[in-house]
Amino acid sequence: MTSLIPLAAEPRSAEVTDWTARLGWVGVLLLFIALAYWLMRQGWKWRGSVQAAALPELPAAPDAPGEPRLTMSGRYHGSTTAGQWLERIVAHGLGTRSRAELTLTDAGLDVVRPGATDFFIPADRLRGARLDKGIAGKVLTEGGLLVVTWAHGDQLIDSGFRSDRAAEHAAWVTALSTTPSTENTTTEGAAR
């Protein structure tokens, strides 16, 4: 007990934090985060400019597309090179996630995206649809994502959508897999 008394009687208190050094390290960390964000942003822009050179502009919806066969409200999760679920396409606004309103007509698939660029996929460019579990940057449960495959220029693209009511996905797969353009593609492929 007597050995503790000299420790308690010591005149020095605990060292106070050196605020200048701590603030300096916080500043360096914030600069590093800002630099990393800026580099990611530059990479996104570079990727978009490279892809924009290879992809033509997206077609606009016709003035009179016809009667809607199916409609869906949900989310657009992005587009990738067909069959390459991690190869994101960012050109022409295709990399921007957003809410989406899909309307399928005899003319094609109209994708209206509030706050992002709308696009239209003509019926002759639709190649089919499937249920999948993921697309670049978004992974869901098995069959939780509607993936529409379509041709743009000389490239096949997969675009991922998720309906507010997932039970609608099966009807979309059926409708998009039986469009005249996908039937012709299937027939031509079988003839070869």
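Residues numbered from 1 in each chain as written. Predicted model: local features only at pLDDT ≥ 70, side-chain atom pairs only at ≥ 80, totals over all residues. Heavy atoms only, no water.

## Considerations on the overall build of the chain
The cut-off we apply is this: A run of DSSP states H or I qualifies as a helix once it reaches four residues; a run of E qualifies as a strand once it reaches two. Both are numbered from the N-terminal end. Partly exposed describes any residue whose relative accessible area lies between the buried limit of under 20% and the exposed limit of over 50%, with all areas from a 1.4 Å probe on protein chains only and scaled to the type maximum. Note on definitions: a residue-residue contact is assigned when non-hydrogen atoms from the two residues lie within 4.5 Å.
Counting its regular elements, the chain contains four helices and 10 strands. In the chain, the succession of α and β elements from N to C terminus is α-α-β-β-β-β-β-β-β-β-β-β-α-α. Across the 192 residues that make up the chain, the buried fraction comes to 34%. Long-range contacts, defined as pairs at least 24 residues apart, comprise 61% of the intrachain contacts of the chain with a sequence gap of at least 6.

## Let's talk about the environment of Glu 67
In this structure, Glu 67 sits in the loop between helix 2 (19-54) and strand 1 (70-81). With 40 residues separating them in the primary sequence, Glu 67 and Ala 107 have C-alpha atoms 9.2 Å apart.

## Describing the pattern of salt bridges
Applied cut-off: Salt bridge, as used here: a side-chain nitrogen of Lys or Arg that lies within 4 Å of a carboxyl oxygen of Asp or Glu.
Within the structure shown, the criterion is met by five salt bridges. A salt bridge links Asp 164 to Arg 99; its shortest N-O distance comes to 2.9 Å. Taken as a pair, Asp 164 in the loop between strand 10 (155-163) and helix 3 (169-177) and Arg 99 in strand 3 (residues 98-104) lie far apart in primary sequence, 65 residues in all. On the basis of relative accessible area, Asp 164 is assigned to the partly exposed category, the value being 44%.

## Overview of unusual backbone geometry
Positive phi, close to 60 degrees, is recorded for His 92, a residue that is not glycine. Tracing the sequence through the fold places His 92 in the loop between strand 2 (88-89) and strand 3.

## Overview of the side chain of Ser 79
Put simply, the test is: Two N or O atoms count as a polar contact when they lie within 3.5 Å, although within protein this holds only if one can serve as hydrogen donor and the other as acceptor, and sequence-adjacent residues are included solely when both atoms are side-chain atoms.
When you line up the elements, Ser 79 lands in strand 1. Relative accessible area serves as the criterion here: at 1%, Ser 79 is assigned to the buried category. Of note is the side chain of Ser 79, whose polar atom sits 2.6 Å from the side chain of Tyr 76. Within polar-contact distance, the side chain of Ser 79 engages the side chain of Ser 159 at 2.6 Å. Residues contacting Ser 79, with those up to four places away along its chain left out, are Glu 87, Arg 88, Ile 89, Leu 94, Ile 135, Ile 157, Asp 158 and Ser 159.

## Remarks on the pairing of strand 1
In plain terms, the rule: Here the rule is simple: two strands pair whenever DSSP picks up at least two bridges between them.
In terms of strand pairing, strand 1 meets strand 3 through seven bridges, oriented antiparallel. Across the sheet, residue Tyr 76 finds its bridge partner in strand 3, namely Ser 98. In terms of strand pairing, strand 1 meets strand 10 through seven bridges, oriented antiparallel. Directly across from Tyr 76, in strand 10, lies its bridge partner Phe 161. By the bridge criterion, two bridges tie strand 1 to strand 2 in an arrangement that is antiparallel.

## Looking at the nonpolar core
Using the following cut-off: To define a nonpolar core, start from buried Ala, Val, Leu, Ile, Met, Phe, Trp, Tyr and Cys residues and group those joined through side-chain atoms within 4.5 Å.
Membership of the largest hydrophobic core comes to 25 residues, with the highest contact counts inside it found for Leu 109 and Phe 119. Broken down by secondary-structure element, the contributors of at least two residues to this core are strand 1, strand 3, strand 4 (108-112), strand 5 (119-122), strand 6 (126-132), strand 9 (145-152), strand 10 and helix 3. Those residues within four positions of Leu 109 in sequence are excluded, and the remaining contacts are Leu 102, Thr 103, Leu 104, Phe 119, Phe 120, Ile 121, Leu 126, Val 148 and Trp 172.

## Digging into the packing of aromatic side chains
Note the threshold: The rule is short: rings of Phe, Tyr and Trp, with Trp giving its six-membered ring, pair when the centres are within 6.5 Å, and they are stacked under 30 degrees, edge-to-face over 60, tilted in between. Cation placement over rings: the criterion is NZ of Lys or CZ of Arg within 6 Å of the ring centroid and within 35° of the ring normal.
Applying the stated criterion to the full structure yields three aromatic pairs. Judged by centre distance (5.8 Å) and plane angle (70 degrees), the rings of Tyr 76 and Phe 119 are edge-to-face. Of this pair, Tyr 76 sits in strand 1 while Phe 119 is found in strand 5, placing the two residues 43 residues apart along the sequence. By relative accessible area, Phe 119 is classed as buried at 2%. Between Phe 119 and Trp 150, the aromatic rings sit 5.9 Å apart at their centres with planes inclined by 15 degrees, giving stacked as the arrangement. A residue pair is termed long-range when its members are at least 10 positions apart, and Phe 119 in strand 5 and Trp 150 in strand 9 qualify at 31 residues. Classification of Trp 150 as buried rests on a relative accessible area of 0%. Sitting over the face of the ring of Trp 19, Arg 22 holds its NZ or CZ atom 5.9 Å from the ring centroid.

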